[in-house]
Amino acid sequence: MSKPVRKAVFPVAGLGTRFLPATKAMPKEMLPVVDKPLIQYAVEEALEAGIEEFVFVTGRGKSIMEDHFDHAVELEAALGERGKEEELRQVLACVLEPGRVAYTRQQRPLGLGHAVWCGREFIADEPFAVILVDDLMVGRPGCLKQMVDVHSQVGGTVIIVEDVPREATQRYGILDVIKDDGRLASARALIEKPDPAEAPSTLSIVGRYILQPEVFDHLSKHEAGAGGEIQLTDAIATTIEHHPLHGLRFDGRRFDCGTKLGFVQANLFMALARDDLGDELRRSMKEYL
């Protein structure tokens, strides 16, 4: 039986240059989707999945995220004195329990694999999740909960996948599929950003991983892969001989909030789903369109 997934790594050291000037002084992970920052959606997804320990791999200028998941004593006191109970509840819901959260820095931007490697001391010898905050996953149950349930059945490595146009394979890690039932695919290998003519499939990795600790054996070598970066997919590939690799199409919607269009789409989708905003937003959209 597979060990339970209790820990999650959040690589959040990126500069967010696509969203300048908004991200000049604020991390892109703190950009709000309606009224909640992207990073909080990711943490709530992890909590639902049973994650107990949170490892944030940060960079310079990211300390605001530490503050977000801590108590804000003055704000909490002011809300309490003014009787704003709902606002106080929302603020307190952001706080992570003492001893369950760790922060470490990726001092140089050497790739996703390097960012995950920076969290190695907090993982030890357990399977763990990696959550890319830019990918906002909306589903019930949440994306990581669906992955954890699958992992408890098949073990090994589980990643979220989706089909992409063949001409887009050079932007993703692509699975070399053995079999595929339409929801869960097993793979013999994965290839980082293959040329469309050489891609073994069009099933791409997006935003969520459950990995085995053996990936650190390869990541510790700091070998550069595609684009001159330390690629997480290269490390995963080295574990396939001993740990099966499965790609899961999760039941829900993915929004690529690393792009401006995806970020706007996420805001619209989440706002339309809200009782306090949806109807008025629909009326407004009719006027604008």
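Residues numbered from 1 in each chain as written. Predicted model: local features only at pLDDT ≥ 70, side-chain atom pairs only at ≥ 80, totals over all residues. Heavy atoms only, no water.

1. Digging into the nonpolar core
Alright, step 1. Core analysis: the biggest nonpolar cluster contains 47 residues, and Phe10, Ile39, Phe56, Leu136 and Leu144 have the highest contact counts within it.
Alright, step 2. For this core, the element with the highest residue contribution is helix H1 (residues 38-48), accounting for six residues.
Alright, step 3. In this view, Leu136 contacts Val33, Leu38, Tyr41, Arg253, Arg254, Phe255, Cys257, Ala266 and Met270; residues no more than four positions away in its chain are not counted.
Alright, step 4. Within the second largest apolar cluster, 30 residues are counted, among which are Ile159, Ile230, Ala235 and Leu245. (Core = buried A, V, L, I, M, F, W, Y, C linked by side-chain atoms within 4.5 Å. Buried < 20%, exposed > 50% of the residue type's maximum accessible area, 1.4 Å probe, protein only. Helix = DSSP H or I, 4+ residues; strand = E, 2+ residues; numbered from the N terminus. Contact = heavy atoms within 4.5 Å.)

2. Quick notes on H1
Alright, step 1. Within H1, eight of the 11 residues are buried, which leaves it mostly tucked inside the rest of the structure.
Alright, step 2. Listed as buried for H1 are Leu38, Ile39, Gln40, Tyr41, Ala42, Val43, Glu45 and Ala46.
Alright, step 3. Among the residues trailing H1, Gly50 stands out with phi positive, at a value near 90°.

3. Topic: the layout of surface pockets
Alright, step 1. Considering only enclosed or pocket space, the largest pocket measures out at about 1,500 Å³ in volume.
Alright, step 2. Along the wall of the largest pocket there are 44 residues; nearest its centre are Lys28, Leu112, Leu132, Asp134 and Glu229.
Alright, step 3. Examining the composition of the lining of the largest pocket, we find that four residues originate from one element, strand E11 (residues 203-211), more than from any other.
Alright, step 4. Residue lining of the second largest pocket: 26 residues in total, with Lys36, Tyr41, Glu44, Met270 and Arg274 positioned closest to the centre.
Alright, step 5. Those elements that provide at least two residues to the lining of the second largest pocket are strand E3 (36-37), H1, helix H4 (85-93), strand E7 (135-138) and helix H10 (260-272).
Alright, step 6. Looking at which element gives the most residues to the lining of the second largest pocket, the answer is H1, with five residues.
Alright, step 7. Its residues assigned to classes, the lining of the second largest pocket shows 13 nonpolar, five polar and eight charged. (1 Å grid on protein atoms, 1.4 Å probe; cavity = no way out; pocket = protein on both sides within 12 Å on 5 of 7 lines; lining within 4 Å. Points joined across faces, edges and corners; volume = space filled by probe spheres on them. Nonpolar A, V, L, I, M, F, W, Y, C, P; charged D, E, K, R; others polar.)

4. Things to note about the environment of Gln170
Alright, step 1. For Gln170, the location among the structural elements is in the loop between strand E8 (157-163) and strand E9 (173-180).
Alright, step 2. With 34 residues separating them in the primary sequence, Gln170 and Ser204 have C-alpha atoms 9.9 Å apart.
Alright, step 3. Not counting the four nearest positions on each side in its chain, Gln170 is found in contact with Lys193, Pro194 and Pro196.

5. Section: the pattern of salt bridges
Opposite charge on two side chains lets them pair, provided their charged atoms get close.
Alright, step 1. Overall, the coordinates contain 22 salt bridges when judged by the stated rule.
Alright, step 2. Here Lys3 makes a salt bridge to Asp125, at a shortest N to O gap of 3.8 Å. A residue pair is termed long-range when its members are at least 10 positions apart, and Lys3 in the segment before strand E1 (7-11) and Asp125 in the loop between helix H6 (120-123) and strand E6 (128-131) qualify at 122 residues.
Alright, step 3. Judged by its relative accessible area of 44%, Lys3 is partly exposed.
Alright, step 4. In this structure Asp125 comes out as exposed when scored by relative accessible area, which is 51%.
Alright, step 5. Lys7 is paired through a salt bridge with Glu126; the nearest N and O atoms lie 3.5 Å apart. Here Lys7 is found in strand E1, whereas its partner Glu126 is found in the loop between H6 and E6, with 119 residues between them in sequence. An identical accessibility class is assigned to Lys7 and Glu126; each is buried.
Alright, step 6. A single network of salt bridges, built from pairs that share partners, joins Arg6, Lys7, Glu52, Glu53 and Glu126. (Salt bridge = Lys/Arg side-chain N within 4 Å of Asp/Glu carboxyl O.)

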